[in-house]
Structure formats: structure tokens, C-alpha cells
Amino acid sequence: MFKLNWKHLGLTVGLSLTLFAAGCGSNNDAGETNKDNDDKANQEVNIGKEVGYKIIGIEAGAGVVKATENALEEYDNLKGWKVDTSSSGAMATALGQAIKKEEPIIVTGWTPHWKFAKYDLKYLEDPKEVYGGEESIKTMVRKDLEKSAPNAYKILDNFHWTPEDMESVMLAREEGTSIEDAAKTWVKENEEKVNEWIDGISQADGEEIELVYVEWDSEIASTNVIGEVLRQQGVKVKLTPLDNAIMWQSVANGEADAMVAAWLPATHGDLYEEYKDKLVDLGNNLEGAKIGMVVPAYMDINSIEDLEPAK
Ligand code: PBE
């Protein structure tokens, strides 16, 4: 009780000082202060209006696009908003152009991604947790791969790296290196890590493997790196880009051998439920992934809940 009174007293004194200071300001310079306030009111930005109540999406089949469509349903303030689908490349171009002009933009984003190294960005808070929390990326292979390609299977099972590893490959490619060279360089410079993946592997000559992936920057990086390691061990490797749902389906029905692009539990949760009984889950190849709405750090907004409803 006693303590509380003292706190109150402190607050009162503090408040009076603030009022006093504010009072002094308007006495000395009343006109100026009013003008400032007027300007502020006029400048009141409506981010929703500025971005046309639109979120820049990527490929229609991506989990982050589906999650964003869910967000538009879940958040009352996002009634009337739209998510534009295109491609990961188009999203990155739009983001780069907006940042050049310091214009507002909202994109469907994910980590790991080179955009966080290149630009100052932030995730909008998602109090309803529509985008889920931290995710892992998992490796899924077809049934019986262990029998037909035991060495490749073991290497895929051992494949595990960090968001920083993945980002460095993505960044090299973004800066103009071909993905083949970026993957080779990473493998060369990370011998210790790669040696753990190929530990105990006898040369896998004669084994063949088809890796399927989606042309997202993160998956281009991971698939090419593990592809390069398999190749160096004598495996004949084919990389096939597909749509997300088809990627899952092709490994589940045995048309393709493996994928290292399963984002779980949330992003690809629906596809996992559909196909999990037909797949062999080789566990995480990366921890610390995330998806969400991403904006440039200069935008004066922090939460999805603060976006204005469409008019
Ligand atoms: N992504 C990258 C994918 C998973 C990997 C976030 C664009 C998706 O949304 O499905």
C-alpha cells in the first residue's frame, strides 16, 4: 500500500512536469505547435490505401499464399484485402522497386531468404498466429528408396544445415553467381559439414536419384547443394522443378525419389496430412524457418492487426 502511494506520487510529479514542459512550449511558440499538429493530421498515412489493400504473393500453390488467404479471413480488419499471386521472382522485384523509392509494400515472405541480408525488413506481428510459429524444413523420400539407392538414401538422411548456410548460397546466387557454382563453392568451403553427410558412404556409383523441388530461392539453394554432394559421391542426379502440390504427390506416388523442401508443421501441413502415409520422413534438414507478412523496416506499422480495412 505504502509503496503504491509513492509510485502514484512519482507519477503525478512526472505528469505535472510533462504538462508544464508542454505548456511552456505552446506559450512560447503557440502558432508553430498548432501548425505542427495540423501537418501531422494531414500526413496521417493509411497504409492499406497506399498499397491498394493488396499483399504481394508468390506462386498460387505456396503455403505462404494459402496462409495469407487464411489471414484475410481471420483478421476482421483485412476484409476486402487481396493477395496477388505471381512468382517468387516477381515478388522480389516488386519489393526491390518499392524499397528503391521508399514506398510502402507488403509481401508474403519467409526465412531463410536473401532479402533479409540485402534489405532492412520486418515481419508484421501475427497475434492470431495464422502463420504458425517457427518451422523446420524436412526431407521426404519415396518408399523403398533405401533398397534401390542405399548410399543416396543415407546422404539424404544425413543432410542437415543451418539458416545461415542456406542464406549464403542464396545470396551468392542473388549477387550473380550461377546456382551450380554457388552450390559447388559452398560444398568446397564446408568440407567438415559435408563430410558428416557422407560419413561411411562407399562410392555410390550407379545409383540414380531424381530430386524434385519448387523454384523458391530457398529450395533452389538446398536442392542444388545436396544434388552436388550426391553427384560428387557418384550418384547420377536429376533435378526437376515442379509446383508445390505436384512435388509432394510425385514423391508420394514414387514417380520421383526425394525432396528436401517440406516446410512443417504449418506451411505444408495440409500436403503432409494428405501424403504422409506414402512417404518416408527423414527428419529435419534445417531448423529456424518462418513465414509471414513482411514489410520494409521504414514502414510505420508493426502488426497485421493495425492494417486498415478496405474502403
Ligand atoms: N516458401 C518457401 C514455401 C516453402 C518454402 C515459404 C515460399 C511455401 O510457402 O510453400
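The structure presented is a predicted model; accordingly, all values stated were derived computationally and were not measured.

**Quick word on a negative patch on the surface**
Step number 1: There is a patch of like negative charges on the surface, built from Glu 191, Glu 192, Glu 196 and Asp 199.
Step number 2: As for its position among the elements, Asp 199 is in the loop between α10 (191-197) and β6 (208-213).

**Observations concerning the site of the ligand**
Step number 1: Taken together, Ile 58, Ala 62, Gly 63, Val 64, Trp 110, Trp 216, Ser 218, Glu 219, Trp 263, Thr 267, His 268 and Ile 291 make up the full set of residues adjacent to the ligand.
Step number 2: With respect to the ligand, the backbone of Gly 63 contributes an N or O atom lying 2.7 Å from an oxygen atom.
Step number 3: Contact distances for the ligand include 2.8 Å between an oxygen atom and a backbone N or O atom of Val 64.
Step number 4: Burial of the ligand by the surrounding chains reaches 100%, relative to a free accessible area of 280 Å².

**Quick word on the confidence of the model for the protein**
Step number 1: On average, residues of the protein score 89 in pLDDT, and 86% of them reach the 70 mark or higher.
Step number 2: Across residues 1-33, confidence stays below pLDDT 50; counting only partners more than four residues off in sequence or on other chains, it has three contacts.

**Comments concerning helix α4 (residues 88-100)**
Because each turn of an α-helix spans 3.6 residues, side chains separated by three or four positions in sequence point in the same direction.
Step number 1: Helix length check: α4 (13 residues) gives 18 Å between terminal C-alpha atoms against 18 Å at 1.5 Å per residue, within 8%.
Step number 2: On its buried face, α4 is in contact with β1 (54-56), β3 (107-111), α5 (115-118), β4 (121-123), α11 (217-232) and β9 (279-296).
Step number 3: Immediately beyond the C-terminal end of α4, within one or two residues, lies Glu 102, with a positive phi of roughly 50°.

**Observations regarding the packing of aromatic side chains**
Step number 1: According to the stated counting rule, one finds eight aromatic pairs in the structure shown.
Step number 2: Here Tyr 53 and Trp 81 contribute two aromatic rings whose centre-to-centre distance is 5.6 Å and whose plane-to-plane angle is 85°, an arrangement assigned as edge-to-face. Here Tyr 53, found in the loop between α2 (47-50) and β1, pairs with Trp 81, found in the loop between α3 (63-74) and β2 (82-84); they are 28 residues apart in sequence, far enough to count as distant.
Step number 3: Relative to Tyr 123, the ring of Phe 116 lies with its centre 5.4 Å away and its plane at 20°, an arrangement referred to as stacked.
Step number 4: What makes Phe 116 partly exposed here is its relative accessible area of 23%.
Step number 5: The ring of Trp 110 has Lys 115 lying over it, and the distance from NZ or CZ to the ring centre is 4.3 Å.
Step number 6: The ring of Tyr 123 carries the charged tip of Lys 290 above its face, separated from the ring centre by 4.6 Å.

Parameters and conventions
- Residues numbered from 1 in each chain as written.
- Predicted model: local features only at pLDDT ≥ 70, side-chain atom pairs only at ≥ 80, totals over all residues.
- Heavy atoms only, no water.
- Patch = residues over 30% accessible without salt bridge, like charges linked within 9 Å, V, L, I, M, F, W, Y side chains within 5 Å.
- Areas by Shrake-Rupley, 256 points an atom, 1.4 Å probe, with all protein chains shown as cover.
- Salt bridge = Lys/Arg side-chain N within 4 Å of Asp/Glu carboxyl O.
- Lys, Arg positive; Asp, Glu negative; His and termini not counted.
- Charge placed at Lys NZ, Arg CZ, Asp CG, Glu CD.
- Helix = DSSP H or I, 4+ residues; strand = E, 2+ residues; numbered from the N terminus.
- Near = heavy atom within 4 Å.
- Polar contact = N/O pair within 3.5 Å; in protein donor to acceptor, adjacent residues only side chain to side chain.
- pLDDT = per-residue confidence, 0-100.
- Contact = heavy atoms within 4.5 Å.
- Expected span 1.5 Å × (residues − 1).
- Phe/Tyr/Trp six-rings, centres within 6.5 Å; stacked < 30°, edge-to-face > 60°.
- Buried < 20%, exposed > 50% of the residue type's maximum accessible area, 1.4 Å probe, protein only.
- Lys NZ or Arg CZ within 6 Å of the ring centre and 35° of its normal.

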